[in-house]
Amino acid sequence: QTRIEEVRRLEVADLEMRGRVRKLEEQLERLADAERDKQHAHAELQNKTEMLTHLTTLNSELRLEANTARQDASNAKEELAASELAAAGHRAAEQKLQGELELKAAHCSAAEQQHAAQAAAATASCEALRIEVARHSEEARLATERAAEL
């Protein structure tokens, strides 16, 4: 009977031990799952950290590009203002020169008209002198003929 009791106690102890082993196996399985979850979370964290680093680098590059673009735009505005100022100066100089050109053209036209009038007067004077020379030539010829007749 003691043996039966001892067998029963051992069977109970065996059942308890099997229960504990099952619980320990379940705990080990949960620990293994937790370790896998931890490794997965660590890998995700590392991926996200790398992505964050990449995005931070891109953000810095974009900020630098934006600053460069703003500086380029500012320089372009300054160059445009300088070009517009130079163009205004050139337009003013062009207008001044156009006025001077028109004035000189008027003077030249007046001088041409004056010279044309002087040339016409000189031509008329030359024609009058030719006529007078021809008349004197004719008178000299006639005088020569009269003198030859005498």
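Above this text sits the structure in question.
From a predicted model like this one, the values you see are computed outputs, not experimental measurements.

Side note on the overall build of the protein chain
Here is step 1 of the chain: Tallying secondary structure elements over the protein chain gives one helix and zero strands in all.
Here is step 2 of the chain: A globule of 150 residues ought to have a C-alpha radius of gyration of about 15 Å, yet the protein chain, at 62 Å, is considerably larger.
Here is step 3 of the chain: Seen along its three principal axes, the alpha-carbon backbone of the protein chain occupies a region of about 210 × 30 × 10 Å.
Here is step 4 of the chain: Of the roughly 13,700 Å² of accessible surface on the protein chain, a fraction of 59% belongs to carbon and sulfur atoms.
Here is step 5 of the chain: Taking the average place of the 21 positive charges on the side chains of the protein chain and the average place of its 29 negative ones, the gap between the two points comes to 12 Å.

Quick notes on the pattern of salt bridges
Pairing is possible between side chains of opposite charge, provided their charged atoms come close.
Here is step 1 of the chain: Tallied over the full model, the rule gives eight salt bridges.
Here is step 2 of the chain: The shortest N-O distance in the salt bridge between Arg-36 and Asp-33 comes to 2.0 Å. One end of the pair is Arg-36 and the other is Asp-33, both in helix α1 (residues 2–149) and three residues apart, which spans about a single turn.
Here is step 3 of the chain: For Arg-36, a relative accessible area of 48% corresponds to the partly exposed category.
Here is step 4 of the chain: In this structure, Glu-139 and Arg-135 form a salt bridge, with 3.2 Å as the shortest nitrogen-oxygen distance. Here Glu-139 and its partner Arg-135 are both found in helix α1, four residues apart, which amounts to about one turn of the helix.
Here is step 5 of the chain: Linked through salt bridges whose partners overlap, the residues forming this network are Glu-138, Arg-141 and Glu-145.

Description of a nonpolar patch on the surface
Here is step 1 of the chain: Judged by side-chain polarity, Met-51, Leu-55 and Leu-58 come together as a nonpolar surface patch covering roughly 260 Å² of accessible area.
Here is step 2 of the chain: Inspection of the secondary structure puts Leu-58 in helix α1.
Here is step 3 of the chain: Its relative accessible area of 34% is what places Leu-58 among the partly exposed residues.

What about the environment of Thr-53?
Here is step 1 of the chain: Within the secondary structure, Thr-53 sits in helix α1.
Here is step 2 of the chain: Sequence-wise, Thr-53 and Ala-69 are 16 residues apart; in three dimensions their C-alpha atoms are separated by 24 Å.

Concerning the environment of Ala-111
Here is step 1 of the chain: Mapped onto the elements, Ala-111 comes out in helix α1.
Here is step 2 of the chain: For Ala-111, a relative accessible area of 26% puts it in the partly exposed group.
Here is step 3 of the chain: For the pair Ala-111 and Gln-46, spaced 65 residues apart in the sequence, the C-alpha separation amounts to 94 Å.

Conventions used here
Residues numbered from 1 in each chain as written. Predicted model: local features only at pLDDT ≥ 70, side-chain atom pairs only at ≥ 80, totals over all residues. Heavy atoms only, no water. Helix = DSSP H or I, 4+ residues; strand = E, 2+ residues; numbered from the N terminus. Rg over C-alpha atoms; globule rule 2.2 N^0.38 Å. Areas by Shrake-Rupley, 256 points an atom, 1.4 Å probe, with all protein chains shown as cover. Lys, Arg positive; Asp, Glu negative; His and termini not counted. Charge placed at Lys NZ, Arg CZ, Asp CG, Glu CD. Salt bridge = Lys/Arg side-chain N within 4 Å of Asp/Glu carboxyl O. Buried < 20%, exposed > 50% of the residue type's maximum accessible area, 1.4 Å probe, protein only. Patch = residues over 30% accessible without salt bridge, like charges linked within 9 Å, V, L, I, M, F, W, Y side chains within 5 Å.

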